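Spelled out from the first residue to the last, the chains are:
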Amino acid sequence: MKDLIQINHLSTHFHTENGTVKAVNDVSFRVREGETVCIVGESGCGKSVTAMSIMGLVEEPGGKVVDGQIHFEGRDLLKLSKNELRSLRGNEISMIFQEPMSSLNPVLKIGQQIMEPLLVHQKLSKKEARKRAIELIEKVGISRAEQIADSYPHELSGGMLQRIMIAIAISGNPKLLIADEPTTALDVTIQAQILDILRQFKEQNNMSIMLITHDLGVVAEMADYVIVMYAGKIVEEGEVVQLFQSPKHPYTQGLLKSKPIINQRTDELYSIPGQVPNPLELTESCYFHDRCQHCMDICRTKQPVLKEVGEQQKAACWLYEEALVHA
Amino acid sequence: MSAYLTKRISYMVIILLAASLLIFCLYALTPGDFISSNIKLSPERKAELREIYGLNKPLLERYGIWMKNALHGDFGFSLAQQKPVLTLFNEYIWNSFLLAAVSTFFTWLIAVIIGVVSAYKQYSWFDTLVMVLIFAAMSLPSFFIGLFLIKICAVDLKWLPPGGMLTTGSNATGLAYVKEVIHHMTLPVVVMTLLGVGSLTRYFRSNMIDVIKQDYIRTARAKGLKENKVLFRHALRNALLPAITLVGFELPSLFGGSLIIEKIFNWPGIGQLYIQSFGLRDYPLLMGFTMLLAVLTVIGTLLSDILYHIADPRVRLH
Amino acid sequence: MSLNSTPLPEAVGAKNAPAKSSSLFKQSMRRLMKNKLAVSGLVVVVIMFLACFVGPFFSPYTDNKVNMALMNKPPSLKHWLGTDALGRDVLTRVLQAGRISLTVGLASMVLSVFIGSLLGAIAGYYRGIVDQIIMRIADLLLTIPGLPLLFIFGALLSDWKVPTEYRMYIVMLMLGLVNWPGLARMVRGQMLSLREREFMQAAVVLGLRDRRKLFNHLLPNIIPLLIVIATLNIGGSILSESALSFFGLGVMAPTPTWGNMIDAANNLIDFQEHPWLWVPPGFSIFATVIAINIFGDGLRDVLDPKQKR
């Protein structure tokens, strides 16, 4: 499989009154054609900011991509002009969000909102765009498409709206779809349907998906490759089965342990002790050190780098450096 | 909706009735009247006139008569001008409306454009400049800025006429008439726009700042729409929505004239008429005018509510 | 946010509350000092107050002596803003007028904020019939346009032959009475939403008495809002007073105020030939009000972050 997008040493910082937050801190990964990559982590770990950096939509003022490259089909997205980037957005790279209820404009009809990217990117006429919009609504499994096209967002349920968001996102047959917690705000039964639709389009169009989630169930169902982020950094990544079977980083181990498993009732659900560190107070160390059971002296003073720890699996943890040294 | 309307309207009527009583009593309290301030009349003639106008009757009875006539659409007879109050209103109100409508139009136009741009460039130097200008506009003493501009533009530079609606003794017709009126209304319109534009710009700016942070604006950007489309199609529509309620609140100022501006620019509007009549204690006119403003205020509030219901698709359903 | 996460100490009225609020206050002030625009507003306000209340002591022309030799002289080195029709120094007059205008502005603000917040708080707290009565009166007063109302009051004042030195107190009263309904509405709204907040419910659970709840827990929470409203209200009051005095219905000569000094412009010759008589007080009003408004807005940013500018 060919690489579709390659992110190298991406850093995105936010300047606040109290100091600089390194929301994304030297992150590198790639997504190959037709592959689903899941980015996992607690809220505030930088996964959404990574997505917004790729889209070129980091909120200014304050937020800024300060370093790195994002290669998409041979071009560095960070070097493109605003207009070039805009013609990619919603066309070759598109995105859906966590809150379908608030992600659609309340005063515009559904149909109009689906037609917009068609008018801008495909240069369709209004009539063609409307026809295509209705096809798209049907494609995401909504009946009475005509009627839906003429309704306002508040008249539809969250699940329906997320389907509409998907319809908008796939209208330009994108090569990459970024889905930022697409099912978090939805009921469990609806979640499964939305994931089904995503998978279906991925297979039909050989689309790549970058799925951001904190739900390991979703990861298990969708991912080919998993990236685990903590405090703005990648702490572990690997092929999905490999990673679930033998997580290497203590944080990943904790995450997997805290997921309840059916038929295996324990007295108490496991949770990782402690809290995510204050992003303003990070010092040269492993950012996970104060929550880690295996914390060693070196963890408090030096940051581990991402290293190969197995076949198609990398982790940033001193435990494995040590292991290599001792071996 | 209709049950709600009935409730609202009946409340309106009660408030207006209470207001009318209050207005009547206040003017009854006001010292002096048209007759006693007229030194040309003999004491006998004064007593006679009081009898004719019913000024000798007790307060409540006078209120009853006034209210009864008012409900029949008769606001009485101006003592000073010897014309029915409503006829006088009709003569003067359109001049006031002309001034108010034109300046309201410019106020909204400027406020929307500057508010949107300023919100989009929040914290830029342009935005800071706009904020300072907004405060400046909001802090202007209306009569002073009127006088100041007359002094500069009319007296010293002689660009524009200092006041009035037509040049004295002019009998221009057709296009020449229109031109003359425009010439005369420029300064008062500038002043009224200046006075109104500050708070409205600030209102739009803060609305836009709220809207720009919304998820659907992010969606619009993620679709690859041009920034001006994001701003004007997606953001502005949502920012304008709450502003629709303001349209109703503009009602009193559209038809009620402006006491200060009309006096300073000697504009033959209803506010000017009020000030003249106040000096003469022409009560029927004064009460009629105050009542008119009260009615406009109440109707304006109701209108705002209804407009909001019509404009917002989320509210429209219910 | 902090209220939600720590409802209990707040509700119990713990002894450390004052310390906490003072540190909150300090924090706010520190943030305010970072806002350059607001600080410059404050500086102008302070300068204006000092100039008006202390300035005249340094002026050689405070005796208001009539000097016909110095009638209507344009600004010069001796008289920076010229002299008026009675040969008095205009700058000194402007500063003396400022004392009255600022005092009237402050006093009517205190009055309307007091009445408005008290009635609004009572209405919002007790709801029911009390609320109905207070708010209906407010509605009624809001229906009657303010300026004609002030006209009537002004005429009454003239008729009662109120001595000019007392007129300023009555003008304060008038402005205070006209301004309270809008304020009461705002405070009531704030109260209604506060009532529903968790820490208030905690107070209910703890069985605190009404008065205690109202004064110890609700009022402190609307104080930031009140400070902001009060500040912005001063500007409005100064503007109203000046308009009223300009129409000859407020404070009258010989007591000078910025508004009645501009009254000179009603005389055609003074208006055209002697602008130094009426332009300086106009700019004084403008400078003071803009400074107060800018400072008030800065305060709002700091004290009441929910209400964005």
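Computed from a predicted model, the values in this text were never measured in an experiment.

### Observations regarding the UniProt feature "transmembrane region" (unreviewed entry) in chain C
Residues and elements named next belong to chain C.
- The UniProt record annotates "transmembrane region" (unreviewed entry) at residues 37-58, 100-125, 137-157, 169-187, 218-239 and 276-299.
- When the span residues 37-58 is considered, its composition is 77% helix and 0% strand, and the gap between its end C-alpha atoms is 30 Å.
- The straight-line gap between the two end C-alpha atoms of residues 218-239 is 32 Å; of that span, 100% is helix and 0% is strand.

### Let's talk about empty space enclosed by the protein
- What the rule picks out here adds up to five cavities of 30 Å³ or more.
- By volume, the largest cavity is sized at about 70 Å³.
- In this structure, the largest cavity is lined by A:Gly90, A:Ser94, A:Met95, A:Met165, A:Ile168, A:Ala169, B:Thr219, B:Ala222 and B:Lys223.
- For the lining of the largest cavity, the elements supplying multiple residues, two or more each, are strand E6 (93-96) and helix H7 (158-170) of chain A together with helix H8 (215-222) of chain B.

### Remarks on the interface of chain B and chain C
- Across the contact, 47 residues belong to chain B and 41 residues belong to chain C.
- Taken over both partners, the interface formed by chain B and chain C buries close to 4,000 Å², and the fraction arising from carbon and sulfur atoms is 81%.
- Looking only at chain B, the three residues that lose the most surface to chain C are B:Phe135, B:Phe143 and B:Phe144, adding up to 15% of its buried area.
- Seen at the junction of chain B and chain C, the total is one salt bridge.
- In this structure, the salt-bridge partner of C:Asp297 is B:Arg202, at a minimum N-O distance of 3.4 Å.
- Remark: the boundary between chain B and chain C carries six residue pairs in polar contact (both at pLDDT 80 or more).
- Looking at the side of chain B that touches chain C, the elements with two or more residues in it are helix H1 (2-29), helix H5 (125-138), helix H6 (142-156), helix H7 (174-212), helix H11 (259-264), helix H12 (270-280) and helix H13 (283-311) of chain B.
- Among the elements that take part in the side of chain B that touches chain C, H1(B) stands out by supplying 10 residues, more than any other.
- For the side of chain B that touches chain C, a count of residues per class yields 35 nonpolar, five polar and seven charged.

### Brief notes about the pairing of strand E1 (residues 3-16) of chain A
All names here are of chain A.
- Here 10 bridges tie E1 to strand E2 (residues 19-32), and the two strands are oriented antiparallel to one another. Within the sheet, the bridge partner assigned to Thr 16 lies in E2 and is Gly 19.
- Connecting the antiparallel pair E1 and E2 is a turn made up of two residues.
- Across eight bridges, E1 lies against strand E4 (residues 63-72) in antiparallel orientation.

### Some points on helix H1 (residues 47-55) of chain A
All names here are of chain A.
- A large share of H1 lies buried, amounting to eight of its nine residues.
- The complete set of buried residues in H1 reads Lys 47, Val 49, Thr 50, Ala 51, Met 52, Ser 53, Ile 54 and Met 55.
- Looking one or two residues past H1, Gly 56 carries a phi angle of roughly 75°, positive in sign.

What counts and how
- Residues numbered from 1 in each chain as written.
- Chains lettered and ligands numbered in written order.
- Predicted model: local features only at pLDDT ≥ 70, side-chain atom pairs only at ≥ 80, totals over all residues.
- Heavy atoms only, no water.
- UniProt positions renumbered as here; feature names shortened; annotations may be inferred.
- Helix = DSSP H or I, 4+ residues; strand = E, 2+ residues; numbered from the N terminus.
- 1 Å grid on protein atoms, 1.4 Å probe; cavity = no way out; pocket = protein on both sides within 12 Å on 5 of 7 lines; lining within 4 Å.
- Points joined across faces, edges and corners; volume = space filled by probe spheres on them.
- Contact = heavy atoms within 4.5 Å.
- Buried area = accessible area lost by both parts, 1.4 Å probe.
- Salt bridge = Lys/Arg side-chain N within 4 Å of Asp/Glu carboxyl O.
- Polar contact = N/O pair within 3.5 Å; in protein donor to acceptor, adjacent residues only side chain to side chain.
- Nonpolar A, V, L, I, M, F, W, Y, C, P; charged D, E, K, R; others polar.
- Pairing = 2+ DSSP bridges.
- Buried < 20%, exposed > 50% of the residue type's maximum accessible area, 1.4 Å probe, protein only.

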